[in-house]
Amino acid sequence: MDHLESILITIIVLSTQHYLSTRNNPYLGGILPVGYIIFISFFFTKLVSGNDKFSSISMIIVGLTILLGIWISGREKLKKKRQKELDRIAIKNL
């Protein structure tokens, strides 16, 4: 049951990140990455205190990379959507 809960939480966080990244305000997509950095900074010593420090640090980097990647792709998706709307308006005006 722990694995199912972890998967559901991951899906919810990534879906929320995608939703926030595609809003008009670009800073909304930065909420979760900044929150992730704050969370990791508080628990960094506990996370890295185990024997396998490399995997802990790599998981931190991978998590942040995924959140920032979703933010960037959401901004690009919004930009393409706006451009498509502007093209439709330009075609109607001709």
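From a predicted model like this one, the values you see are computed outputs, not experimental measurements. (Residues numbered from 1 in each chain as written. Predicted model: local features only at pLDDT ≥ 70, side-chain atom pairs only at ≥ 80, totals over all residues. Heavy atoms only, no water.)

(A) Broad picture of the overall build of the protein. Of the regular secondary structure elements, the protein holds 3 helices and 0 strands. For the protein, the N- to C-terminal ordering of α and β elements is α-α-α. Expected size for 94 residues packed as a compact globule is a radius of gyration near 12 Å; at 18 Å, the protein overshoots this value by more than 25%. Seen through its C-alpha atoms, the protein measures out along the principal axes to roughly 65 × 30 × 20 Å. In the protein, the proportion of contacts linking residues at least 24 apart, taken out of those at least 6 apart, comes to 69%. When the accessible surface of the protein is totalled, it reaches about 7,600 Å², and 70% of it is carbon and sulfur. One finds the centroid of the 12 positive side-chain charges in the protein at a distance of 11 Å from the centroid of its 6 negative side-chain charges. (Helix = DSSP H or I, 4+ residues; strand = E, 2+ residues; numbered from the N terminus. Rg over C-alpha atoms; globule rule 2.2 N^0.38 Å. Contact = heavy atoms within 4.5 Å. Areas by Shrake-Rupley, 256 points an atom, 1.4 Å probe, with all protein chains shown as cover. Lys, Arg positive; Asp, Glu negative; His and termini not counted. Charge placed at Lys NZ, Arg CZ, Asp CG, Glu CD.)

(B) Here's a closer look at a nonpolar patch on the surface. Taken together, the side chains of Val 34, Ile 38, Phe 39, Phe 42, Phe 43 and Leu 47 present a nonpolar region at the surface, about 600 Å² in accessible area. Mapping Ile 38 onto the fold places it in helix H2 (residues 31-48). (Patch = residues over 30% accessible without salt bridge, like charges linked within 9 Å, V, L, I, M, F, W, Y side chains within 5 Å. Salt bridge = Lys/Arg side-chain N within 4 Å of Asp/Glu carboxyl O.)

(C) Quick peek at the environment of Val 34. Within the secondary structure, Val 34 sits in helix H2. Residues Val 34 and Tyr 19, spaced 15 residues apart in sequence, show a C-alpha to C-alpha distance of 16 Å.

(D) How the structure looks around the confidence of the model for the protein. Residues of the protein with pLDDT of at least 70 account for 97%, and the chain-wide mean is 88. No element of the protein has a lower mean pLDDT than H2, at 84, and none a higher one than helix H1 (residues 2-21), at 92. (pLDDT = per-residue confidence, 0-100.)

(E) The side chain of Thr 22, seen in detail. Looking at the secondary structure, you find Thr 22 in the loop between H1 and H2. Within the structure, the side chain of Thr 22 is placed 3.0 Å from the backbone oxygen of Tyr 19, a separation counted as a polar contact. Apart from the residues lying within four places of it in its own chain, the contact partners of Thr 22 are Gly 74, Lys 77 and Leu 78. (Polar contact = N/O pair within 3.5 Å; in protein donor to acceptor, adjacent residues only side chain to side chain.)

(F) Expanded view of the packing of H1 against helix H3 (residues 53-93). For the pair H1 and H3, interaxial distance at closest approach is 8 Å and the crossing angle is 35°. In this structure, H1 crosses over H3, and the sense of that crossing is right-handed. Between H1, through Val 13, Leu 14, Gln 17, His 18 and Ser 21, and H3, the contact on the second element is made entirely by Ile 66, Leu 67, Ile 70, Trp 71, Gly 74, Arg 75 and Lys 77. Across the contact of H1 with H3, the residue classes break down as 6 nonpolar, 4 polar and 2 charged. (Axes fitted to C-alpha atoms, helices over the stretch in contact; angles between N-to-C directions. Left-handed = near helix turned anticlockwise from the far one by under 90°. Nonpolar A, V, L, I, M, F, W, Y, C, P; charged D, E, K, R; others polar.)

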